[in-house]
Amino acid sequence: MAVQSTEVLEKPGLVQILHDTRFVFWREMLLPLRDPFSLVFSLLQPLVFLGLFGPLLGAAVGAPAFGGQSTLQWFLPGVVVMIALFGTSMTGSNLQYELMTGSYERILATPLSRSSLMIGRALKEWAPLVVQGLLIALVCIPFGFVFYPLHVLFGLVILGIFGIGLGALSYALALVSQNKEWIFWGVQQTLLFPLMILSGIMLPIEAGPDWMKTASLFNPLTYLVNAERELFAGSVGTDTLLGLLAASVTAAVGLVVGVRAINRNIN
Amino acid sequence: MIHTDKLTKTFTVKKETVEAVKGVDIDVAPGELVAFLGPNGAGKSTTLRMLTTLLRPTSGTATVAGVDVAADPAGVRARIGYIGQGNGGGHSFRVIDELIMQGRFYGMNSTDAAARAQELLTSMDLADLAKRTVVKLSGGQRRRMDVALGLMHSPRLLFLDEPSTGMDPQNRANLWNHIMRLRAEHGTTIVLTTHYMDEADSMSERVIVIDHGQIIADDTAARLKANLAGDLLAVEVAADSAAGVRGLLRRAAAGGEVNENSYDGVVRFRLRLTEGARLAPVLLQQMNDAGAPAQSLELKPPTLDDVFLELTGRNLREGANR
């Protein structure tokens, strides 16, 4: 009966986690659903980006760097990864408000499993991506983009897995930077851009110096972008597999770090 | 309903160990209404947070609603309600949505959750605000919403951490009405922390006084006051006859302190009397017989603040000064 270790004795099963995640996700989804205007803007943003950056990219870099693909076919998956990156890395920022009021504590006092708190929130940031991704794919069809629905869908699932990991890390960051909100933004912004550039989302990494190519190999995002490019081009191969692996590792690491961060707060 | 054995919590702050709770033993029976009273920083909230699994005990055990807090924290959380110090509603959410989701978090189905939410909105006078976002509620409305959130799953045991801090008197009274009605209707066991002595005094049947992480008293408010404080009696007599009653008053104080100060030819004696209401008339008669009739008399029943002063030598209001 005696308490002796700091080990977590709480080990909810997968069914429990899925069950709880559903409700955490649903609560978070009520925000955009009750205020659908926010969704309209989030749908427009990637289109603007695609429309303004895409043409410049083609003109500046030139076709050879894209491995024989059209600029659009190469760039669009990158934009989708970028939306996922920006969205899910914000998971913690929405939590910050709830940490300041008693809302986070109130939910912590419910029987919900700890990992479901993170997964549900991360998936809420990921959910609009499904609509966004499909929408920009459809819009790009007239401009020569070839749409492979099942491949794209699989690509979005991989991004969802990655998003759970990144969302959990963002969640942990928000907990660690509690009462010092600027730390959250500092870290999030400082990490976001190098990760993004070193993954070849915006510009092909092949065009860069060797050290950048080497650095990109240690960036999980690189594998994710490559996987998405392969899938959006309509094939499933090694890149897809590596991407799925990178996403799964990110998710596992994120959840371990996240649950630790939650439990650290109760010590 | 609650049983703890040498429950302890130590924090390490900047390599310094702080013993926030030093081995408390608490037993609460079903249906009781218990207040943890103590100054800020005394360890009441820390104790409450251990009982609600929001903090892990450093040592000792606690069984809450039949479940061990260390072995099955989620099991404890499923059986209790917790209303924390902050506001529980998410700022941008609608009141009704938050209530229904809270019910779903506790495993209620959507029909039951919606019905219960409606019921609580009505009883907490929030029915008109169901679709309002939380950020647009007033302080009192938010606090009532917190209570509604805590009651969604009809817990048999409810914890409230400083439920009325920062509320105006009218809202405090209103909140207490709701809590008392809940208790009358459902026999809910209620444990709360407060640093308002009048609140602990008038609302709880049982007061556990906590100071420096330890329980220093545990009894009904009435008995604590009778046993530890007694009524405060002030009598004034003419200066030239004061000598005649000094001994009499010392005996009445039964070893307690007798203060005196004189002004304008009058001496004012102040002392504590147990059962003052019964003893004061007797004392007046004795003073008359001694040739020193009282010119005025004041009898004040004790407060829990007097109890705290008696126990610690400090006022409750002085806070956690060591």
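Residues numbered from 1 in each chain as written. Chains lettered and ligands numbered in written order. Predicted model: local features only at pLDDT ≥ 70, side-chain atom pairs only at ≥ 80, totals over all residues.

### Considering the interface of chain B and chain A
Definition in use: In this description, a residue-residue contact is defined by the distance between C-beta atoms placed from the backbone, which must lie within 7 Å. Working definition: helices are DSSP H or I runs of at least four residues, strands are E runs of at least two. Numbering for both runs from the N terminus. Polarity classes work like this: nonpolar for Ala, Val, Leu, Ile, Met, Phe, Trp, Tyr, Cys and Pro, charged for Asp, Glu, Lys and Arg, and polar for all others, with Gly in that last group.
Each side of the interface is counted separately: chain B has 32 residues, and chain A has 25 residues. Secondary structure elements with two or more residues in the side of chain B that touches chain A: β5 (59–64), α2 (73–79) and α3 (95–105) of chain B. Among the residues making up the side of chain B that touches chain A, the classes are represented as 14 nonpolar, twelve polar and six charged.

### Quick word on helix α11 (residues 304–312) of chain B
All names here are of chain B. We apply this condition: The exposure label follows from counting other C-beta atoms within 10 Å of a residue's C-beta, where the C-beta atoms are placed from the backbone and the thresholds are 20 or more for buried and 12 or fewer for exposed, leaving partly exposed in between.
Listed as buried for α11 are Leu-304, Asp-306, Val-307 and Phe-308. Where α11 is buried, its residues contact β4 (33–37), α7 (197–203), β10 (206–211), β11 (214–219) and α8 (221–229). Positioned one or two residues after α11, Gly-313 has a phi angle of 75 degrees, which is positive.

### Some remarks on the pairing of strand β7 (residues 80–83) of chain B
All names here are of chain B. This is how it is decided: Strands pair, by our definition, only if DSSP identifies at least two bridges between them.
Residues Ile-80 and Tyr-82 point to one face of β7 and Gly-81 and Ile-83 to the other, with burial holding for every one of them. Pairing analysis gives four bridges linking β7 to strand β8 (residues 157–161), with the strands arranged parallel. Of the residues in β8, the one forming a bridge with Ile-80 is Leu-157.

### Things to note about the packing of helix α6 (residues 114–140) of chain A against helix α7 (residues 149–176) of chain A
Residue and element names in this part refer to chain A. Basically, it comes down to this: In this analysis an axis means a line fitted to C-alpha atoms, helices contributing only their contacting stretch, and an angle means the value between N-to-C directions, from 0 to 180 degrees. Definitions for this section: a left-handed crossing has its near helix turned counterclockwise from the far helix by less than a right angle. A right-handed crossing has that turn clockwise.
It is at 8 Å that the axes of α6 and α7 come closest, and there the two elements cross at 145 degrees. Once α6 is placed against α7, the crossing between them reads as right-handed. Contacts between α6 and α7 involve Met-118, Ile-119, Arg-121, Ala-122, Leu-123, Glu-125, Trp-126, Leu-129, Val-130, Gly-133 and Ala-137 from the first element and Val-152, Leu-156, Leu-159, Gly-160, Gly-163, Ile-164, Gly-167, Ala-168 and Tyr-171 from the second. Here the contact of α6 with α7 is composed, by residue class, of 14 nonpolar, four polar and two charged.

### Quick look at the confidence of the model for chain A
For the record, the criterion: pLDDT is defined as a per-residue confidence score from the predictor, taking values between 0 and 100.
On average, residues of chain A score 86 in pLDDT, and 93% of them are at 70 or above. Looking at the elements of chain A, mean pLDDT is at its lowest for helix α2 (residues 37–61) of chain A, recorded as 79, and at its highest for helix α5 (residues 103–108) of chain A, recorded as 94.

### Points about the sheet that holds strand β12 (residues 231–238) of chain B
Residues and elements named next belong to chain B. The antiparallel open sheet is built from four strands, whose spatial order is β13-β14-β12-β15. Strands at the two margins of the open sheet, each flanked by one partner only, are β13 (258–263) and β15 (296–300). Ignoring strand direction, the axes of neighbouring strands in this sheet form an average angle of 15 degrees. Direction of pairing for β13 relative to strand β14 (residues 266–273): antiparallel, over a ladder of six bridges. Looking at the pairing, Ser-262 lines up with Val-267 of β14. In the packing of helix α9 (residues 242–253) onto the sheet, the strands contacted are β12, β13 and β14, and the crossing angle to β14 comes to about 10 degrees.

### Observations regarding the packing of helix α4 (residues 91–100) of chain A against α7(A)
Residue and element names in this part refer to chain A. Where α4 contacts α7, the axes come no closer than 7 Å and their chain directions differ by 35 degrees. In this structure, α4 crosses over α7, and the sense of that crossing is right-handed. Residues Thr-91, Gly-92, Ser-93, Leu-95, Gln-96 and Leu-99 of α4 pack against Gly-167, Ser-170, Tyr-171, Leu-173 and Ala-174 of α7. The residue makeup of the contact of α4 with α7, split by class, is five nonpolar, six polar and no charged.

### As for the sheet that holds β8(B)
Residues and elements named next belong to chain B. The sheet built from six strands is open, its strands ordered β7-β8-β9-β4-β10-β11 with mixed pairing. Pairing within the sheet leaves two strands with one partner each, and these edge strands are β7 and β11. Strand-to-strand twist of the sheet, defined as the mean angle between neighbouring strand axes without regard to direction, takes the value 15 degrees. Inspection of the sheet shows β10 paired to β11 by five bridges, in the antiparallel sense. Looking at the pairing, Asp-211 lines up with Gln-214 of β11. Seen against the sheet, helix α5 (residues 139–151) touches β7 and β8 and runs at an angle of roughly 165 degrees to β7.

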